[in-house]
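Close look at the chain arrangement
Listed here are the chains, written in short residue letters.
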Amino acid sequence: MKQAKQEFPQQIVLNRRRFNSIEFENRCVKLQMGRDQDYTFQIGVVNHGEPTRIYLTASPEIQDSIRFLHNDFVVATNAVVDVVAHIRMRERGSISVTVGYGSNTGSFDVDLVADAVHAIEVNPNLGIPGNPEKYRLATHTPMPVAMKAIGALMLVFTVLTLVTDLVPAVIGAVSAALLLAIVIMYFLLPHVR
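Presented here is an overview of the structure given in this document. (Residues numbered from 1 in each chain as written. Predicted model: local features only at pLDDT ≥ 70, side-chain atom pairs only at ≥ 80, totals over all residues. Heavy atoms only, no water.)

Considering all chains together, one arrives at one aromatic pair under this definition. Their ring planes at 55 degrees and their centres at 5.2 Å tell us that Phe-24 and Phe-108 sit as a pair that is tilted. Of this pair, Phe-24 sits in strand 3 (residues 22–24) while Phe-108 sits in strand 11 (residues 104–114), and the two are 84 residues apart along the sequence. By the burial criterion, Phe-24 is buried, and Phe-108 matches it. (Phe/Tyr/Trp six-rings, centres within 6.5 Å; stacked < 30°, edge-to-face > 60°. Helix = DSSP H or I, 4+ residues; strand = E, 2+ residues; numbered from the N terminus. Buried < 20%, exposed > 50% of the residue type's maximum accessible area, 1.4 Å probe, protein only.)

Structure follows, in structure tokens:
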């Protein structure tokens, strides 16, 4: 969670003009930060009168993006409200401030702006010159059934030579060589042009 650049992007003044009056330093608070990250910022509250109960709510447009860490409390002289904003995209709404158990309510606008994703510029001269068909991936053609049968027979002769004495060593060596040739032809020939 990152701290917003301004310490108090909004200052709320209570009871300066009259009992339970609400004033805002800014009519609109604009928060511009990275997309899909949580940021904390603080709202300062100054009370010029008797201790007053204060309650903050976010409008339905931004209620999923704004969370108050403490709310519904009494302000004697000064208080700080910690707020967490989660910016997914550009959203506009308001934060309402209610004082004196609902005797007066005021609100200020909030504009949540997600930073634009930085596009990566690519120099087209860095590409591979020439015919793109030349650089396509090799495709394997299906192996003929006869080749599969010969490969299986060579594998059996090689294993029998290594494990038992039923097959002479010369036949096992020739079988292993033929099996290697079949494997090389199947896997490497499609890549050779």
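From this point, the narrative continues.
Another aspect to go through is the sheet that holds strand 10 (residues 91–99). Strand order across the open sheet formed by five strands is 4-11-10-6-8, with mixed pairing between neighbours. Each edge of the open sheet carries a strand with a single partner, namely strand 4 (28–33) and strand 8 (73–75). This sheet shows a mean twist of 30 degrees between the axes of neighbouring strands, independent of strand direction. Alignment of strand 4 against strand 11, held across six bridges, turns out to be parallel. For Cys-28, the partnering residue across the bridge sits in strand 11 and is Asp-109. (Pairing = 2+ DSSP bridges. Axes fitted to C-alpha atoms, helices over the stretch in contact; angles between N-to-C directions.)

Next up on the list: a nonpolar patch on the surface. Together, Leu-180, Val-183, Ile-184, Phe-187 and Leu-188 line one region of the surface with nonpolar side chains, adding up to about 450 Å² of accessible area. In this structure Phe-187 comes out as partly exposed when scored by relative accessible area, which is 45%. (Patch = residues over 30% accessible without salt bridge, like charges linked within 9 Å, V, L, I, M, F, W, Y side chains within 5 Å. Areas by Shrake-Rupley, 256 points an atom, 1.4 Å probe, with all protein chains shown as cover. Salt bridge = Lys/Arg side-chain N within 4 Å of Asp/Glu carboxyl O.)

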